[in-house]
Amino acid sequence: MVSAVKAGLAVGCAVIVAGCAAQEKTGPTAKAPDVAVSCIAVLPVRAAVDMDEPMTGAEAKNLENGAAILDGLLKEALRNRKDVRFLSARQVESVTGAGEPAGIEQGRSLAGQVSCNAILETTLSRYEHRVGGQYGVKEPAAVTFDYRLYEVEGGRVLCHGRFDEEQQSVMENLLTLGKASSRGFSWITAEQLMREGLKEKLDQCGYFLDR
């Protein structure tokens, strides 16, 4: 009788885990582009400071460092694309001012500098380092960023997305089983988490699929 109960529980758990793994795999898929894009002007990643939650100087500096890292990852991910043009911080600041987001008119001006008709802007609002080691942490890594790709003539948004994750253990959330397995059941760094998130979001936008 006891063996039968154990067997039933094992089967039940397997079903639950399998179901969770299947749910984790579902999500947005890339849609085929429906607007002709000559090329994409990519703005430097901007650190978005929430004025309602004041940061210390160290926290603001850490977020700026995270933005620089995400900017590097973005350049790495798109380095082989002939239809991508990266704008420098100096080019952007000459139009928008230091640290300010680009409006539609400013975006049109920036894209025009490199003869593109679409622009990609990315903002980083959270970049928290893992506190601890690969197999045991006090605080897990956490990353939040948003991106928006739009055509500059009419301001139509072509793709947009948000990545917001604080790594969890499988014990905290069974839905993380697939990710935990791909990460070797270890705690990853903020940069690794950011890299995963960037790939995930770019893969969901048809304009960034390999050509």
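This write-up is about the structure you can find in this document.

How each quantity is defined
- Each chain has its residues counted from 1, following the order in which its sequence is written.
- Local features in a predicted model are, by the rule used here, given only for residues with pLDDT of at least 70; side-chain atom pairs are given and counted only at 80 or more, and totals for whole chains, interfaces and linings are based on all residues.
- Side-chain metrics in this entry use all non-hydrogen atoms of the structure; hydrogen atoms and water are not considered.
- Throughout this description, the term salt bridge denotes a Lys or Arg side-chain nitrogen within 4 Å of a carboxyl oxygen of Asp or Glu.
- Secondary structure elements are taken from DSSP: a helix is a run of H or I of four residues or more, a strand is a run of E of two residues or more, and numbering for both begins at the N terminus.
- When a residue's accessible area, from a 1.4 Å probe over protein chains only, is under 20% of the maximum for its type it is buried; when over 50% it is exposed; and in between it is partly exposed.
- Pairs of N or O atoms within 3.5 Å make up the polar contacts considered here, provided that, within protein, one atom can donate a hydrogen while the other can accept it, and that residues adjacent in sequence are counted only when both atoms are side-chain atoms.
- What makes two residues a contact is simply this: any of their non-hydrogen atoms within 4.5 Å.
- Lines fitted to C-alpha atoms define the axes, with helix axes restricted to the stretch in contact, and inter-axis angles between N-to-C directions lie between 0 and 180 degrees.
- Should the near helix be turned anticlockwise from the far one by less than a right angle, the crossing is termed left-handed; should it be turned clockwise, right-handed.
- Throughout this entry, Asp, Glu, Lys and Arg are counted as charged residues, while Ala, Val, Leu, Ile, Met, Phe, Trp, Tyr, Cys and Pro are counted as nonpolar. The remaining residues, Gly among them, count as polar.
- The rule for pairing is simple: two strands pair if DSSP sees at least two bridges between them.
- If an angle is under 35 degrees, it is roughly parallel; if it is over 145, roughly antiparallel; if it lies from 65 to 115, roughly perpendicular; otherwise it is oblique.

### Details of the pattern of salt bridges
Part 1 of the reasoning: In this structure the tally under the stated criterion is ten salt bridges.
Part 2 of the reasoning: The partner of R148 in a salt bridge is E121, with the nearest N and O atoms 2.7 Å apart. Note that R148 is positioned in strand β7 (residues 142–151) and E121 in strand β4 (residues 118–128), a separation of 27 residues in sequence.
Part 3 of the reasoning: Since its relative accessible area comes to 29%, R148 is described here as partly exposed.
Part 4 of the reasoning: The class for E121 is buried, based on a relative accessible area of 18%.
Part 5 of the reasoning: In this structure, R126 and E166 form a salt bridge, with 2.7 Å as the shortest nitrogen-oxygen distance. One end of the pair, R126, is in strand β4; the other, E166, is in strand β8 (residues 157–166), and 40 residues separate them in sequence.

### Description of the side chain of E121
Part 1 of the reasoning: Here R148 takes part through its side chain, which lies 2.7 Å from a polar atom of the side chain of E121.
Part 2 of the reasoning: For E121, the contacting residues outside a window of four places in its chain are L43, A102, D146, Y147, R148 and Y150.

### Remarks on the packing of helix α3 (residues 89–96) against helix α4 (residues 104–113)
Part 1 of the reasoning: Closest axis-to-axis distance for the α3/α4 pair is 10 Å, and the angle between their directions is 140°. Viewed along their axes, α3 and α4 form a crossing whose handedness is right-handed. Facing α3, whose interface residues are Q91, V92, V95 and T96, α4 presents Q106, S109, L110 and Q113.
Part 2 of the reasoning: Its residues assigned to classes, the contact of α3 with α4 shows three nonpolar, five polar and no charged.

### Considerations on the pairing of β8
Part 1 of the reasoning: One ladder, built from nine bridges, connects β7 with β8; its direction is antiparallel. Among the inter-strand pairings, V143 is bridged to a residue of β8, identified as E165.
Part 2 of the reasoning: From the end of β7 to the start of β8, which pair antiparallel, there are five residues, and G155 there has a positive phi angle of about 80°.

### So, the packing of helix α2 (residues 57–78) against helix α6 (residues 190–203)
Part 1 of the reasoning: It is the contact of α2 with α6, at a shortest axis distance of 10 Å, that shows an interaxial angle of 45°. It follows that α2 is oblique to α6 by the angle criterion. In terms of crossing hand, the pair formed by α2 and α6 is right-handed. Counting all contacts with α2, which are made through G66, I69, L70, L73, L74, E76, A77 and L78, the residues of α6 involved are E191, M194, R195, L198 and L202.

### Points about the side chain of D71
Part 1 of the reasoning: Examined against the element boundaries, D71 turns out to sit in helix α2.
Part 2 of the reasoning: The exposure class of D71 is buried, given its relative accessible area of 14%.
Part 3 of the reasoning: There is a polar contact of 3.1 Å between the side chain of D71 and the backbone nitrogen of V45.
Part 4 of the reasoning: Beyond its immediate chain neighbours, meaning those up to four positions away, D71 contacts L43, P44 and V45.

Worth remembering: the numbers are spatial, not functional.
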